[in-house]
Every structure is written in C-alpha cells, then in structure tokens.
Amino acid sequence: MATLGKKTRNFLRVENLYVREFMAEFLAVFVLISLGCGSNAQVVLGRHKYGGYLSTNLGWGLACAMATWVSFRVSGAHLNPAVTFAMWVVRKKSLKQLIIYSLAQYISAFIASAAVYGIYYDALNNFDGGTRVLLGENGTAGIWATYPQPYLGTLASFGDQVFTTTLLLLCALGVTDMYNMWPEFGMIPFCVGAVVALIGMTYSMNSGAGMNPARDFSPRLFTAVAGWGTEVFTVYDYFFWIPLVAPHIGALCGMFMYLAFVGIHVRPKDASDPENHPETSI
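Owing to the predicted nature of the structure, the values given are computational and were not obtained by experimental measurement.

Examining the environment of N57
Note that N57 resides in helix 3 (residues 53-75). Exposure remark for N57: the relative accessible area of 8% places this residue in the buried category. Put simply, N57 and L198 are 141 residues apart on the chain and 7.7 Å apart in space, counted from C-alpha to C-alpha. Looking at N57, its side chain comes within polar contact range of the main-chain oxygen of Y53, at 3.0 Å.

Let's talk about the packing of aromatic side chains
Considering all chains together, one arrives at 14 aromatic pairs under this definition. On the basis of an interplanar angle of 65 degrees and a centroid distance of 5.6 Å, the ring pair of Y117 and Y121 is categorised as edge-to-face. Given a relative accessible area of 37%, Y121 falls into the partly exposed group. With 6.1 Å between their ring centres and 50 degrees between their planes, F217 and F233 make a pair best called tilted.

Remarks on the pattern of salt bridges
Following the criterion strictly, the structure yields four salt bridges and no others. Close ionic contact of R13 with E15 constitutes a salt bridge, the shortest N to O distance being 3.2 Å. The residues R13 and E15 share a single accessibility class, namely exposed. Notably, a salt bridge pairs E21 with K93, separated by 3.7 Å at the nearest N-O pair. Placement of E21 in helix 2 (residues 17-45) and of K93 in the loop between helix 4 (81-89) and helix 5 (95-119) is noted, with a sequence separation of 72 residues between them. Since its relative accessible area comes to 3%, E21 is described here as buried.

Observations regarding the nonpolar core
Core analysis: the biggest nonpolar cluster contains 53 residues, and L32, I33, L79, W144 and W228 have the highest contact counts within it. Non-local contacts of W228, meaning those with residues more than four positions away in its chain, are made with Y117, L124, R132, V133, L134, T140, A141, W144 and T223.

Conventions adopted
Residues numbered from 1 in each chain as written. Predicted model: local features only at pLDDT ≥ 70, side-chain atom pairs only at ≥ 80, totals over all residues. Heavy atoms only, no water. Helix = DSSP H or I, 4+ residues; strand = E, 2+ residues; numbered from the N terminus. Buried < 20%, exposed > 50% of the residue type's maximum accessible area, 1.4 Å probe, protein only. Polar contact = N/O pair within 3.5 Å; in protein donor to acceptor, adjacent residues only side chain to side chain. Phe/Tyr/Trp six-rings, centres within 6.5 Å; stacked < 30°, edge-to-face > 60°. Salt bridge = Lys/Arg side-chain N within 4 Å of Asp/Glu carboxyl O. Core = buried A, V, L, I, M, F, W, Y, C linked by side-chain atoms within 4.5 Å. Contact = heavy atoms within 4.5 Å.

Right, here's the structure in full:
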C-alpha cells in the first residue's frame, strides 16, 4: 500500500516549477476569495444578523491566513499581483513568474467569485427579488468588489489605496524576513492574516481597503457579467481603475521603505538566500 501511495504521488507530481507555482497561487487565491467574499455575503444577505464589520474583517484576515498556509511552501503565497510586481522589481521573481503568478491570481479570483455567487444564489434572489442592485439599501455588488464612500474624491481614493497597500507590504515583509524578528515558520500565515485584518479594521471605511488588484478587479468583472452590468466599472467616476493601479504603487513604496529603513540593516553583508525558504528573505 505504501509503495502504491508513493507511485501515485510520483505519477501526480508536477516537476515544472512554473506549473507548480501557478497551481499553488490559483488554489490559494481561490481560498482567499471564497472565504473573504463569503464573509461579505453572509453579512450583507443576512442583513447583519449573521455578522458585521468585525466579522467581515476577521473573515478576510483568516481567509488570508488560510490561503497562505495552503501555498507558502510552493509559491510564497503572494495572493496579490501587486506583491508579485514588487518582488519582480527587486528581482526576487522573474518576468515569466510575474506573468504566471498574475494570471493565476486573476483567473482564480474570477472563478472563486462565481463559486460564491452559486452558493449564495438563492439568498441573493431572496434579498433583492432577482433584480441585481449595485449600491444602496438592497445593493449587493459590494459583496464582491470594493466601492468608495460618496464623499471620497479620486485623489483621496488613490491615496487611500496606496497607503493601505504600503502598510500591507511593510508589515508582511517584517513578518516574513528571516533576518528580522520573524515568528516560527508555521506562524507566518497567521501573522500575515492578522495584518490584513488589522488594516481592514482601521482603514476600510473609505473604500474597502482592497490592497489587491486581483481581489477587486476579477470579482468586479464577474459582477459585470453576472447581472450587475457595466455600471460596476463606471460608478463613482470610473473608480474601478484605482484599486487596479494604486496597489502596485503602494507595494513598491512598502517594499522600498522596508528595505531602506530595516531590511538592508538586519541582513548580514555576506548573507545568501536560504535554500529551503526562499520567500522568507528579501
């Protein structure tokens, strides 16, 4: 039986690094969006009887932690095209990996959005009578994508996304840098999830603290084709481009701020990246 198990594992094992990374990021983002948007759906469709602001942010934080546990050993659990972009800029990932990771993240987020929609389809119809409403008392598009408060202007929205993503990278890099005061290896996902939950609890009021282009754009695209229409892209002066673009800038800011203020100072001059944990050091 043990021999059969080993043969089966060897048969199923994928040797191509890029395919393995694609699969890992795909699965991890599926977990992230399924659980994160699921927490949104339960609160909205249950009219706040089954959770609220706290449960939503804890849901996203725990979703991020679970997704990180799923894929960290294989792909580093980027979960976010902005994170992969920043890693590419500092040459921790190749251009080919940037493309592969990003494709996996965007495609998976779309499919996970469809899964949440399917699970909550009857609840949606019960909530809105089968007529999809974007915003307002019966609005449900916010289950999937982020939308700003009416008082928020374009510049403020952009700055909000840059700032929150900067915080995300600063804290996540501090947690995952093995040369800094990093936690036990198995606790890294929990710490990263705590960062996401904390930012959600402190800075999601303005525009949802998306911080992740795949987390926002793919679910938004899904809602456009699933009944909410193209208004998901045009509402609030075409807000959709801000959570798509700004997180990349925020990720770079967070990356270079961490490196300049801490990263290069705690790393020994002759240090090389650890072979077993290439994602735990920048």
